[in-house]
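Fold and contact review
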Amino acid sequence: MDKEKTAKYVDPNNARPGHAYEGVIKAIAEEKVCPFCPEQLANFHKQPVEIDGIYWLATKNQYPYTCVRHHLLLIHKAHIEHVEELSPEAWVELKEIITKLNRGREIAGGTFMLRFGETTYTGASVTHLHAHIIQSDPDHERYREPKSMPGVIARVG
Ligand SMILES: [Zn+2]
């Protein structure tokens, strides 16, 4: 399916307010480049690529959410924005990479998050299709006050 790409590569409205990441996303928006496309990734992402697959690469999130033990990104290598554009082979590789990452870190529980398409509906800050693997840190002091936990924007309702 040939989906029309969004008119933007990043959405500063969805960057964490007051966080350094907000400034990064605003600067990228002014440059009008996609920070996750292969030719740009190294300019914006300084974490090493841990798994370099055919369709995906896996790396630590350079700007992890607070209160997490692990925050990994799986970035589709070609610029697509919708799940409908993923090939069956890419889905298989995604599962294989998630399994490798989880086993390598002994992640007994976590969250897999994949937002796609127009960021107004998702809360994502980068339109280039990517997924998150997040394991929260139950020992983090902020868990002692659950109401103070920072939210992650993933609009679901
Ligand atoms: Zn891209």
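Structure first, text after, so check above.
Here the structure is a predicted model, which is why all the values come from computation and not from measurement. (Residues numbered from 1 in each chain as written. Predicted model: local features only at pLDDT ≥ 70, side-chain atom pairs only at ≥ 80, totals over all residues. Heavy atoms only, no water.)

1. Quick look at the pairing of strand β2 (residues 56–60)
Heads up, the rule is: Working definition: with a 1.4 Å probe on protein chains only, accessible area under 20% of the residue-type maximum means buried, over 50% means exposed, and in between means partly exposed. Helical segments are the DSSP runs of H or I of at least four residues, strand segments are the runs of E of at least two, and each set is numbered from the N terminus. Following DSSP output, two strands are said to pair if at least two bridges run between them.
Of all 5 residues in β2, 4 are buried, a share of seventy percent or more. As paired elements, strand β1 (residues 49–52) and β2 share 3 bridges and run antiparallel to each other. Looking at β2, one finds that Asp52 is bridged to Leu57. Two successive antiparallel strands, β1 and β2, enclose a turn made up of 3 residues. The sheet contact formed by β2 and strand β3 (residues 68–76) spans 5 bridges and is antiparallel. The residue of β3 that forms the bridge with Leu57 is Ile75.

2. Observations regarding the coordination of the zinc ion
Six octahedral donors around a metal ideally subtend angles of 90 or 180 degrees, whereas four tetrahedral donors ideally subtend 109.5 degrees. This is how it is decided: Atoms of type N, O and S within 2.8 Å of a metal are treated as its donors, and for Na, K and Ca the window is 3.2 Å; water is not considered, so some sites may appear to be missing partners. Note on geometry labels: four donors, all angles 85 to 135 degrees, give tetrahedral; four donors become square planar and six octahedral when opposite donors are over 155 degrees apart and every other angle is between 65 and 115; remaining cases are irregular.
Listed as protein donors to the zinc ion are Cys34 (SG), Cys37 (SG), His79 (ND1) and His128 (ND1); their distances from the metal cover 2.0 to 2.3 Å. Each of the 4 donor atoms bound to the zinc ion contributes to angles spanning 104 to 116°, and the resulting shape is tetrahedral. If you list the donors of the zinc ion from N- to C-terminus, the spacing comes out as C-x2-C-x41-H-x48-H. Taken as a pair, Cys34 in the loop between α1 (20–31) and α2 (38–44) and His128 in the loop between β4 (111–115) and β5 (130–136) lie far apart in primary sequence, 94 residues in all. Exposure remark for His128: the relative accessible area of 0% places this residue in the buried category.

3. A word on the sheet that holds β5
We apply this condition: Under this scheme, a helix contributes an axis fitted over its contacting stretch, all axes are lines through C-alpha atoms, and angles between N-to-C directions fall in the 0 to 180 degree range. Contact criterion: two residues are considered in contact whenever any of their non-hydrogen atoms come within 4.5 Å of each other.
Spatially, the 5 strands line up as an open sheet ordered β1-β2-β3-β5-β4, and their pairing is antiparallel. Each edge of the open sheet carries a strand with a single partner, namely β1 and β4. The sheet shows a mean angle of 20° between the axes of neighbouring strands, taken without regard to direction. One ladder, built from 7 bridges, connects β3 with β5; its direction is antiparallel. If you follow Ile75 over to β5, its bridge partner there is His130. Against the sheet, helix α3 (residues 88–105) contacts β1, β2, β3, β4 and β5, and its axis sits at roughly 155° relative to β3.

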